[in-house]
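Each chain is listed here by its residues.
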Amino acid sequence: MIENQIEMLRNIKAIIFDMDGTLIDSMWVWRDIDVCFYGKYHLTAPDDFNDQMEGKSFTEVAELFLQTFPELPFSLDELKAEWTRLAYERYTTQVMLKDGVLDFLKFASSKGLKLGIATSNGRELVDATLKALDIEKYFDSIHTSCEVKTGKPAPDIYLLVADDLGVESQNCLVFEDVPQGILAGKNAGMRVCAVEDEASMNQAETKRQLADYYIHNYFEIENGDYEKTFFTGK
């Protein structure tokens, strides 16, 4: 049983994590790649391009790039492979866990909670990263948004992982770092904890308004220092 004082975990049987910006500090990788990629191919992104990409699957983002920049010399699969090549070394040698993640995974596992990952990233990078960080053993289900019809904020990926874990939506807790991901969890009928991340600091208040909880790091959960937020539609 989960200790009663951790209200966030009351009646929760499964925890489902986004990966980038949630479990791992990795959003900087894509900023670095964007600088190189845009420069190499002389691209100028629309002002709202990052907003358009938020929550989309790896495949959907590649499709968006090819629609926006038809001059790119790639097929869909070639573009995804190129991004994977550019990101692979950074993900497997430089990306780190967010503060408190490992302790929290150990704690949750010790309490008999099922753990899953529902990520928008590509499967090759996901598997390589989890192996490099030696945390793949904690997860009972790992899926990417490329496996479902529509990426976040649609609930599809969270419903897929919950079904794989054999847990009803109302007994799942989601951890997410961006508004579209938070909405995906809420649209799946799950409770959601927003995770602070440098890349989405300008969205912090929106995240608080959409989520049930907000944490600056995972140590706050066991300590009971997390925020209950403004969401009123429970």
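Residues numbered from 1 in each chain as written. Predicted model: local features only at pLDDT ≥ 70, side-chain atom pairs only at ≥ 80, totals over all residues. Heavy atoms only, no water.

Draft legend 1. Spatial organisation of the overall build of the protein chain. Counting secondary structure elements, the protein chain contains ten helices and nine strands. For the protein chain, the C-alpha radius of gyration of 17 Å lies close to 17 Å, the compact-globule estimate for 234 residues. Counting only residues that meet the buried cut, the protein chain has 54% of its 234 residues in that class. When the accessible area of the protein chain is evaluated, it comes to approximately 10,900 Å², of which 48% is carbon and sulfur surface. (Helix = DSSP H or I, 4+ residues; strand = E, 2+ residues; numbered from the N terminus. Rg over C-alpha atoms; globule rule 2.2 N^0.38 Å. Buried < 20%, exposed > 50% of the residue type's maximum accessible area, 1.4 Å probe, protein only. Areas by Shrake-Rupley, 256 points an atom, 1.4 Å probe, with all protein chains shown as cover.)

Draft legend 2. Here's a closer look at the packing of helix α4 (residues 76-93) against helix α6 (residues 123-132). Contact pair α4 / α6: the axes reach a minimum separation of 9 Å and the direction vectors enclose 15 degrees. In terms of orientation, α4 and α6 fall into the roughly parallel class. Classified by chirality, the crossing of α6 by α4 is right-handed. Listed contacts from α6 to T84, A87, Y88, Y91 and T92 of α4 are E124, L125, A128, T129 and A132. Of the residues in the contact of α4 with α6, the class split is six nonpolar, three polar and one charged. (Axes fitted to C-alpha atoms, helices over the stretch in contact; angles between N-to-C directions. Parallel < 35°, antiparallel > 145°, perpendicular 65-115°, else oblique. Left-handed = near helix turned anticlockwise from the far one by under 90°. Contact = heavy atoms within 4.5 Å. Nonpolar A, V, L, I, M, F, W, Y, C, P; charged D, E, K, R; others polar.)

Draft legend 3. Expanded view of the side chain of N171. Examined against the element boundaries, N171 turns out to sit in the loop between α7 (156-165) and β6 (172-176). Relative accessible area serves as the criterion here: at 14%, N171 is assigned to the buried category. Ignoring sequence-local partners within four residues, the contact set of N171 consists of N11, I12, K13 and A14.

Draft legend 4. Looking closely at α7. For α7, the full list of buried residues reads I157, Y158, V161, A162 and L165. Down the axis of α7, the buried side of the element spans an arc of 130 degrees, and every buried residue falls inside it. On its buried face, α7 is in contact with β1 (14-17), β4 (114-119), β5 (141-144), β6 and α8 (179-187). Just downstream of α7, G166 is the residue with a positive phi angle, here 75 degrees. (Arc of directions from axis to C-beta.)

Draft legend 5. Molecular detail of the packing of helix α1 (residues 27-41) against α4. Contact geometry for α1 and α4: axes closest at 10 Å, N-to-C directions at 130 degrees. On the basis of the axis angle, α1 is oblique to α4. α1 and α4 meet at a crossing whose hand is right-handed. Touching W28, V29, W30, D32, I33, F37 and K40 of α1 are L79, E82, W83, L86, A87, R90 and Y91, all from α4. For the contact of α1 with α4, the per-class residue count stands at ten nonpolar, no polar and four charged.

Draft legend 6. Seen up close, the pattern of salt bridges. Considering all chains together, one arrives at eleven salt bridges under this definition. Here E147 and R123 are joined by a salt bridge, their closest N and O atoms 3.7 Å apart. Of the two residues, E147 sits in the loop between β5 and α7 while R123 sits in helix α6, which places them 24 residues apart along the sequence. Overall, R123 belongs to the partly exposed group, its relative accessible area being 36%. (Salt bridge = Lys/Arg side-chain N within 4 Å of Asp/Glu carboxyl O.)

Draft legend 7. View of the sheet that holds strand β8 (residues 213-215). Across the sheet, which stays open at both edges, the seven strands sit in the order β5-β4-β1-β6-β7-β8-β9 with mixed pairing between neighbours. With one partner strand each, in any of the chains shown, β5 and β9 (227-228) form the two edges of the open sheet. Of the pairings in the sheet, the one linking β6 to strand β7 (residues 191-195) comprises four bridges and is parallel in character. What sits directly across from L173, in β7, is R191. In the packing of helix α5 (residues 101-110) onto the sheet, contacts are made with β1, β4 and β6, and the angle to β1 comes to roughly 155 degrees. Along the sheet, α8 makes contact with β6 and β7, crossing β7 at roughly 165 degrees. (Pairing = 2+ DSSP bridges.)

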